[in-house]
Amino acid sequence: MAEAERAPIGRSLRYFLRAQRFPLSIVVLAVGILLAFFALLDFTPLSQIPSFHAINQVTDQTAAGGPNYDLAFVLAGPLIIIVGAYLVGAYYLARRRFEHLMLSRSKAEFLRNLPEIEEILWDLTPADEARYTERKSELRIRR
């Protein structure tokens, strides 16, 4: 028996990234917030609180002659927060607009919105593409 052919790793990775777009954008935002929090811990009086002192020993190793990672966190944290906020916001806006356009009842209105829907689908998941294709078949649109 012939074994089923597997998709190339690049295609599988792209599909995974598109299918998990929203959870991954939340993770990026959370990582940015965490890095900014670590930087804030080191450069404010919060570093004197005993419960945060253990965290500071790991991220700021200058006392032992090591590197101070908090300096990198000062720059990386806010940048990653901006990227994560953009990804989350773009997904929410695309999702909201897509749901609104998919609720159109008339075929003529749906046809007018086809280019916009297809553009929005770039920011959404493959499941949304399947919904779009199903909706087109319900309205008997061949495009």
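Here the structure is a predicted model, which means the values were calculated and not measured.

A. Highlighting the environment of Tyr-15. As for its position among the elements, Tyr-15 is in helix α1 (residues 9-19). Take Tyr-15: its relative accessible area is 52%, and that puts it in the exposed class. Separated by 60 residues in the primary sequence, Tyr-15 and Leu-75 place their C-alpha atoms 31 Å from one another.

B. A look at the packing of helix α4 (residues 69-102) against helix α6 (residues 126-138). In contact at an axis separation of 12 Å, α4 and α6 are set at 15 degrees when each is read in the N-to-C sense. It follows from the interaxial angle that α4 and α6 lie roughly parallel. By crossing handedness, the relation of α4 to α6 is classed as left-handed. Residues Arg-95, Phe-98, Glu-99 and Met-102 of α4 pack against Asp-128, Arg-131, Tyr-132 and Arg-135 of α6. Grouping the constituent residues of the contact of α4 with α6 by class yields 3 nonpolar, no polar and 5 charged.

C. The arrangement of the packing of helix α2 (residues 21-43) against helix α3 (residues 50-59) in detail. At their nearest, the axes of α2 and α3 sit 10 Å apart, and the two run at 105 degrees to each other. With respect to α3, the axis of α2 lies roughly perpendicular. Of the residues in α3, those touching α2 at Phe-37, Phe-38, Leu-41 and Asp-42 are Phe-52, Ile-55, Asn-56 and Thr-59. For the contact of α2 with α3, a count of residues per class yields 5 nonpolar, 2 polar and 1 charged.

D. Up close: the side chain of Asp-60. Of note, Asp-60 is situated in the loop between α3 and α4. Buried charged residue Asp-60 carries no salt bridge. Nearest counter-charge: Arg-21, at 37 Å. Polar side-chain contacts of Asp-60 include one of 2.9 Å to the side chain of Thr-62. If we skip the residues at most four places from it in the chain, Asp-60 touches Asp-42, Pro-67, Asn-68 and Asp-70.

E. Looking closely at the nonpolar core. Of all hydrophobic cores here, the largest spans 14 residues; its most connected members are Phe-98, Phe-110, Ile-117, Ile-120, Leu-121, Leu-124 and Tyr-132. Elements with a minimum of two residues in this core: α4 and α5 (107-120). Not counting chain neighbours up to four residues away, the residues in contact with Tyr-132 comprise Phe-98, Met-102, Phe-110, Leu-114, Ile-117, Glu-118 and Leu-121. With 5 residues, the next largest nonpolar core counts Leu-35, Phe-38, Ala-39 and Leu-41 among its residues.

F. Seen up close, a nonpolar patch on the surface. A cluster of nonpolar side chains, namely Leu-34, Phe-37, Leu-40, Leu-46 and Ile-49, defines an oily patch on the protein surface of about 380 Å² accessible area. Following the sequence through the fold, Phe-37 ends up in helix α2.

G. Looking closely at unusual backbone geometry. Backbone geometry places Arg-140, a non-glycine residue, at a positive phi of 60 degrees. As for its position among the elements, Arg-140 is in the segment after α6.

Parameters and conventions
- Residues numbered from 1 in each chain as written.
- Predicted model: local features only at pLDDT ≥ 70, side-chain atom pairs only at ≥ 80, totals over all residues.
- Heavy atoms only, no water.
- Helix = DSSP H or I, 4+ residues; strand = E, 2+ residues; numbered from the N terminus.
- Buried < 20%, exposed > 50% of the residue type's maximum accessible area, 1.4 Å probe, protein only.
- Axes fitted to C-alpha atoms, helices over the stretch in contact; angles between N-to-C directions.
- Parallel < 35°, antiparallel > 145°, perpendicular 65-115°, else oblique.
- Left-handed = near helix turned anticlockwise from the far one by under 90°.
- Contact = heavy atoms within 4.5 Å.
- Nonpolar A, V, L, I, M, F, W, Y, C, P; charged D, E, K, R; others polar.
- Lys, Arg positive; Asp, Glu negative; His and termini not counted.
- Salt bridge = Lys/Arg side-chain N within 4 Å of Asp/Glu carboxyl O.
- Polar contact = N/O pair within 3.5 Å; in protein donor to acceptor, adjacent residues only side chain to side chain.
- Core = buried A, V, L, I, M, F, W, Y, C linked by side-chain atoms within 4.5 Å.
- Patch = residues over 30% accessible without salt bridge, like charges linked within 9 Å, V, L, I, M, F, W, Y side chains within 5 Å.
- Areas by Shrake-Rupley, 256 points an atom, 1.4 Å probe, with all protein chains shown as cover.

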